[in-house]
Amino acid sequence: MVLGVATRNGRHVSEDASGHSPLAIRGLTVSYGEKPVVFSMDATFESGAMTAIIGPNGAGKSTLLKAALGILAPLSGKVTCFGKPLSRQLEKIAYVPQRAGIDWDFPAPVRDVVMMGLYRNLGLMGRIGAIHHEKVMSCLARVGMDGFADRQIGRLSGGQQQRVFIARALAQCADLFLLDEPFAGVDVATEKAIVKILKELRSNGKTVVAVHHDLSTVPEYFDNVLLMNTTRIAEGAAGETFTQSNLLKAYGGALARVQISAAV
Amino acid sequence: MLIEALTLQLGYNATLVAAGAALLGMACGATGTFLYLGNRALISDAISHSSLPGLALAFIAMAWLGMDGRSLPVLLVGSALSAFAGLHVINWLSAKTRLAEDAAIGAVLSVFFGLGIVLLTVIQSMEAGRQAGLEDFLLGSTAGMLWNDAITIAVGGALVLLFLTVFARPMAMVAFDPEFAAVSGIDTRQTVMITMGLALGVTVVGIKVAGLILIVALVTIPAVAARFWTSRVRYMVVVAGAIGAACGYLGAAISATVPDLPTGPIIVMVAFAAFLITMLVAPGRGVLAVILRHRRFQNRVHVRQGLLALAQGQPIYERLTIRLLRRRGLVRADGVATEKGRAKAAIALLDERRWQILRSDPAHEVAASSYNGLTPLESVLTLDQIAEIDKALRLEAVK
Ligand SMILES: Nc1ncnc2c1ncn2[C@@H]1O[C@H](COP(=O)(O)OP(=O)(O)OP(=O)(O)O)[C@@H](O)[C@H]1O
Ligand SMILES: [Mg+2]
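Residues numbered from 1 in each chain as written. Chains lettered and ligands numbered in written order. Predicted model: local features only at pLDDT ≥ 70, side-chain atom pairs only at ≥ 80, totals over all residues. Heavy atoms only, no water.

**Q** Can you walk me through unusual backbone geometry in this structure?
**A** Among all residues except glycine, the phi angle is most often negative; among peptide bonds, the trans geometry is most common. Residues and elements named next belong to chain A. Positive phi values are uncommon outside glycine, yet Ser-40 reaches one of about 45°. The topology assignment puts Ser-40 in strand β2 (residues 35-45). Relative accessible area serves as the criterion here: at 10%, Ser-40 is assigned to the buried category. The phi angle at Thr-230 is positive, at roughly 65°, despite the residue not being glycine. (Helix = DSSP H or I, 4+ residues; strand = E, 2+ residues; numbered from the N terminus. Buried < 20%, exposed > 50% of the residue type's maximum accessible area, 1.4 Å probe, protein only.)

**Q** What is the right way to read the interface of chain A and chain B from this model?
**A** Each partner contributes residues to the interface: chain A has 37 residues there, and chain B has 28 residues. Here chain A meets chain B over a buried area of about 3000 Å², counting both sides, of which 62% is carbon and sulfur. Contact with chain B buries area across many residues of chain A, yet Phe-106, Pro-107 and Tyr-119 of chain A alone supply 23% of it, more than any other trio. Applying the counting criterion to the chain A and chain B interface returns 6 salt bridges. The residue Lys-66 of chain A makes a salt bridge to Glu-179 of chain B at a minimum N-O spacing of 3.3 Å. Along the contact surface separating chain A from chain B lie 11 residue pairs in polar contact (both at pLDDT 80 or more). The set of elements that each furnish at least two residues to the side of chain A that touches chain B consists of β6 (93-96), α4 (110-115), α5 (119-122) and α7 (158-171) of chain A. Ranked by residue count, the leading element in the side of chain A that touches chain B is α7 of chain A, at 4 residues. Across the side of chain A that touches chain B, the residue classes break down as 21 nonpolar, 7 polar and 9 charged. (Contact = heavy atoms within 4.5 Å. Buried area = accessible area lost by both parts, 1.4 Å probe. Salt bridge = Lys/Arg side-chain N within 4 Å of Asp/Glu carboxyl O. Polar contact = N/O pair within 3.5 Å; in protein donor to acceptor, adjacent residues only side chain to side chain. Nonpolar A, V, L, I, M, F, W, Y, C, P; charged D, E, K, R; others polar.)

**Q** In this structure, what is going on with the site of ligand 1? I would like to understand it.
**A** All names here are of chain A. Ligand 1 sits among 14 residues. The nearest are Gly-58, Lys-61, Ser-62, Thr-63 and His-213. For ligand 1, an oxygen atom lies 2.9 Å from a polar atom in the side chain of Asn-57. In this structure, Gln-98 approaches ligand 1 through a side-chain N or O atom, which is 3.2 Å from an oxygen atom. A total of 630 Å² of accessible area belongs to ligand 1 in isolation, and the protein chains cover 60% of it. Sorting the residues of the shell around ligand 1 by element identifies β2 and α3 (61-68) as the ones contributing at least two each. Sort the elements by how many residues they give to the shell around ligand 1 and α3 lands first, with 3 residues. (Near = heavy atom within 4 Å. Areas by Shrake-Rupley, 256 points an atom, 1.4 Å probe, with all protein chains shown as cover.)

**Q** Quick question: what am I supposed to make of helix α15 (residues 319-327) of chain B here?
**A** An α-helical segment advances 3.6 residues per turn. Residues three or four places apart therefore align on the same side. All names here are of chain B. Within α15, the full set of buried residues consists of Thr-321, Leu-324 and Leu-325. Within α15, the buried residues cover an arc of 100° as seen down the axis, which keeps them to one side. Set apart from the buried face of α15 by more than 90 degrees, the exposed residues are Arg-319 and Arg-327. For α15, the elements touching its buried residues are α14 (287-311). Of the residues flanking the end of α15, it is Gly-329, one or two places downstream, whose phi is positive at about 70°. (Arc of directions from axis to C-beta.)

**Q** Help me understand the sheet that holds strand β9 (residues 224-229) of chain A in this model?
**A** Backbone-to-backbone hydrogen bonds join strands into a sheet, with any given pair of strands oriented parallel or antiparallel. All names here are of chain A. Spatially, the 6 strands line up as an open sheet ordered β6-β7-β8-β3-β9-β10, and their pairing is mixed. Since the sheet does not close on itself, it has two edges, and those belong to β6 and β10 (231-237), each with one partner. Adjacent strand axes in the sheet meet at a mean angle of 15°, parallel and antiparallel pairs treated alike. The sheet contact formed by strand β7 (residues 176-180) and strand β8 (residues 207-211) spans 5 bridges and is parallel. Residue pairing across strands places Leu-178 opposite Val-209, the latter belonging to β8. (Pairing = 2+ DSSP bridges. Axes fitted to C-alpha atoms, helices over the stretch in contact; angles between N-to-C directions.)

Rendered as structure tokens:
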């Protein structure tokens, strides 16, 4: 019950605004064992915008995304997607996980991995037809990986693997894209290419939410910022939210000051 | 005798048993593929060992009720129940305590098996127990199998195969990336349970033929062997199924020719032979193919490096390089390039410079990734593209 009160006090976005948001999170608490990693978190993501989730390592960013997607069960809190409970809206969401934890020796070529993005269309037994193959190839072409369609997934560089996972998310034909550190381990050219794809999605009215670590590129890439460290620190347009004082609240410490003054 | 067995001339019963064992082997191999993909190959060992107490208790219960304790379907139900209990304990241990899954498997497997052996000893002392032949379940046997038994096993294998074809897609997705699978609307817990359920099904159905100590081989080895042949899940399932079927069939047929020879060890030997052959001769990942390819590649690299050294007037130190160049008539015995060698060296140098340019251009990423130090650029690019690169080369030379 204490949680409920904290949530109500901490809330500054009206119910109305969150009603149609692609993703609205209210009073979300997630813990591993008895350690709350995300505590009483609120966030409302703006439709048709690109939002960066930023915060230090271990701030709970990945955990927040996983709980918002129903991969982890939260202790408390509510997640709505386009105004409805998440479980009925999953087909509107595409997800690019942080790349850890994949068995890279898995017997699947790139095209089979991207085909997994079509599971919602195919279902259990649906036959894979010419349209599906075309869809897979066009998604691969968008990330410049169509030449690698028959390469086994483990035999790619880290940046190439990341682009395959983005192609898989594109194949999901979603309205809301959640990406966990899409630029980790990716060179500058690939990063620019991925940003271009994300901006194209935005201009098609899609909503993009990405966990992002490189503070120096936040204002350039993103419209909005959600700063968090276990709980929400600041949320809003990048111009107003991405300030030195907010960053200090999130990161603290002298080391952060060096980074931040370079960034802002 | 052996030839007759292999060509199904041992009579109706043995033929039926061999066919049932083949179907069972196919189901084991195909199911094993998904266990292998989910890094859970050992689970079938746990299932089979923990089925023993249930098997024994089912026999005791039937004996008390005055029935013939050897009814295979009842024994299998008993085995399935206790294997299910074993799986449950493993899950509970690895979820609720700090025990890792492999340690939990080891603990449960040995405790259940020990209990089962104790119960078997009890049965031995019962009057009905002496001729029960329950020991046959340890190492597997096809001797004295009835028509009904063969049908039970065949139907079990066929059912598992049916379920596999229905659930193959979500099972593969959960094995590859469970979080993405969950977001795609797949119930991952349910999918894991189906995979486990199928493993339980094939294992329990198979213990009569393959024996509970060794059936893990029939589940694991075909999948491991199949991985050598292919890098796609769907083909892997088929290949593993085929290897499993061959193992089951040969195991049953061979043991039918030798009285008292248990089936399980023969199946393991056949599976091991299949694995050995595969490991040696499979194209792509097989040992011989890898060695051959490596040797050939190494030779080509040496020739290329030798040519580049010639073109730039550098000395060649490596014996192997000199030997390879000589064998191709590119250098003379004193290490000086022949006319043919000089021409080839010039070509190699130009090609190398072109590749250098190409690697730095992201537009040529696909081509660049096929670079192995040997492929002539003409084989990956069009003439126009090469002209572009030569322009860049000339610019660089001017600088
Ligand atoms: N499976 C887990 N079991 C226990 N603790 C975990 C687990 N996963 C994460 N944690 C802990 O939860 C905290 C938040 O983790 P999370 O992965 O959400 O952080 P993050 O903000 O995504 O960090 P990063 O920037 O490093 O990716 C960390 O302190 C981490 O140690
Ligand atoms: Mg993270």
